[in-house]
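Geometric and topological summary
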Amino acid sequence: DGDFWLVKTDANGNTCGYSASGNCEGTSGGTSTFAKTFGRSSEEEVFHLLQLPDGFLLAGYTRSFGSGGYKGWVVKTDQSGNTCDYAVNGNCEETINGVPTFAKVFNGPLFEAFRAADQTNDGGFVFVGYTSSFTASSVPWLVKTDSMGNKCDYLNAAVSGNCEGTSNGMATFSKTYADTGKP
């Protein structure tokens, strides 16, 4: 079993003295350092870490939340690695220290995972990964969310997983790319 693990070091790679839980906060060389784990009872794996002006964004997958195996999971923290309480179902939103934080599960009937993430010009996020929930095999998947990780309703998008919408005034979409390479 593994969790997402976020570690902030000083300029020399030193951090706080984390314990078996993987969590700690401290100071090294005058720099605030921390180590934080994110996850629950099963397996989580982070594939992409994005440093933001107000915190960090982690993207990967979880097996602790959702049904049917691996699910895309993203976690946004403040600059100290703090996020909202996702313990019930992997989803939450909360402002901590004046910074919006969230955790979101991207749950389809089969398999989803994110391999890359970026912040868009409108303040939202884009996630790139793959899904097997809408086709006979695993295909590339592109998801655009608002600034709090809210997405269009791809589960009610017939059988394609493709949808477009808006949330908090920002465009959102989900696109799957089958063998043709076109959504």
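What this report covers is the structure whose coordinates are included nearby. (Residues numbered from 1 in each chain as written. Predicted model: local features only at pLDDT ≥ 70, side-chain atom pairs only at ≥ 80, totals over all residues. Heavy atoms only, no water.)

1. Considerations on the state of the cysteines
If you walk through the whole model with that rule in mind, you get 3 disulfides. One disulfide in the model links Cys 84 with Cys 92; its S-S distance is 2.0 Å. Linking Cys 84 and Cys 92, the disulfide has an S-S dihedral of approximately 65 degrees and is accordingly described as right-handed. Assigned by exposure class, Cys 84 and Cys 92 land together as buried. (Disulfide = S-S within 2.5 Å. Buried < 20%, exposed > 50% of the residue type's maximum accessible area, 1.4 Å probe, protein only.)

2. Considering the packing of aromatic side chains
Considering all chains together, one arrives at 18 aromatic pairs under this definition. Seen in terms of ring centroids, Phe 47 and Tyr 61 are 5.8 Å apart; in terms of plane orientation they differ by 45 degrees. Their pairing is tilted. Taken together, the positions of Phe 47 in strand 4 (residues 44–52) and Tyr 61 in strand 5 (residues 55–62) put the pair 14 residues apart, joining distant regions of the chain. Taking relative accessible area as the criterion, Phe 47 reaches 27% and is therefore assigned partly exposed. Here the aromatic rings of Trp 141 and Tyr 154 are separated by 5.3 Å at their centres, their planes lie at 80 degrees, and the arrangement is edge-to-face. (Phe/Tyr/Trp six-rings, centres within 6.5 Å; stacked < 30°, edge-to-face > 60°. Helix = DSSP H or I, 4+ residues; strand = E, 2+ residues; numbered from the N terminus.)

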